[in-house]
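# Notes for the structure review
The lines below spell out each chain.
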Amino acid sequence: MLEKIKSAIIKGRINMTDHADEELANDEILDEDLFHSVLCGEVLEDYMDDKPFPSCLVCGNDLKGRYIHSVWAYSDEHDIAIAITGYIPDPDRWIDHKIRSG
C-alpha cells in the first residue's frame, strides 16, 4: 500500500482530512514536510480492517530531520491517498520513534 500512497502523493492525488489538518498545525508540520516524510518513510503498522479503506502508520523524516508519524489510507477506486493524521511522535510513547513503549 505504501508504494501506491507514494505514487498518489507524487501525482498530487491527496485528500487531507480535517483531523490531519488540525494535528499537523498543532505540531507545526507543513504539508511538504509531511509528504517528504512519507516518500522516504516506512510502514510501522498496518490497519487492514480500517473502514472505508485499509490504512497504515508511516514513519519518516521531514526536511528538517524530525521524525513524523502519519496515518494514510488509499482508495484504489479513486487513485487517491488520504491523510488521516500526522504528528511528531511523543518520546514517552515511542522507543526510537518506531516501537510503542509500554
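Residues numbered from 1 in each chain as written. Predicted model: local features only at pLDDT ≥ 70, side-chain atom pairs only at ≥ 80, totals over all residues. Heavy atoms only, no water.

## Remarks on the pairing of strand β3 (residues 55–61)
As a general feature of sheets, a regular strand has side chains that alternate between the two faces. Taken across its 7 residues, β3 has 6 buried, putting it largely inside the fold. Two elements, strand β2 (residues 42–47) and β3, share 5 bridges in a ladder whose sense is antiparallel. Within β3, the residue paired with E45 across the bridge is L57. In the sheet, β3 pairs with strand β4 (residues 67–75) via 7 bridges, with the strands oriented antiparallel. When the sheet's bridge partners are listed, L57 is paired in β4 with V71. Linking β3 to β4, which pair antiparallel, is a turn of 5 residues; within it G65 sits at a positive phi near 90°. (Buried < 20%, exposed > 50% of the residue type's maximum accessible area, 1.4 Å probe, protein only. Helix = DSSP H or I, 4+ residues; strand = E, 2+ residues; numbered from the N terminus. Pairing = 2+ DSSP bridges.)

## Focus on the sheet that holds β2
Ordered by their spatial adjacency, 5 strands build an open sheet running β1-β5-β4-β3-β2, and the pairing between neighbours is mixed. Bordering the open sheet on either side are β1 (14–16) and β2, each of which pairs with just one other strand. When the angles between neighbouring strand axes are averaged without regard to direction, this sheet yields 30°. Together, β1 and β5 (80–87) form the strand contacts of helix α2 (residues 18–26), whose direction differs from that of β5 by roughly 40°. Across the sheet, helix α3 (residues 31–39) lies against β1, β3 and β4, angled at about 80° from β4, the strand it touches most. (Axes fitted to C-alpha atoms, helices over the stretch in contact; angles between N-to-C directions. Contact = heavy atoms within 4.5 Å.)

## Section: the pairing of β4
The buried fraction of β4 amounts to 8 of the 9 residues, a majority that puts the element mostly inside the structure. Of the strand pairs in this sheet, β4 and β5 are connected by 7 bridges, and their pairing is antiparallel. When the bridges of β5 are listed, S75 appears paired with I80. What sits between β4 and β5 in their antiparallel hairpin is a turn of 4 residues, with D79 showing a positive phi close to 50°.

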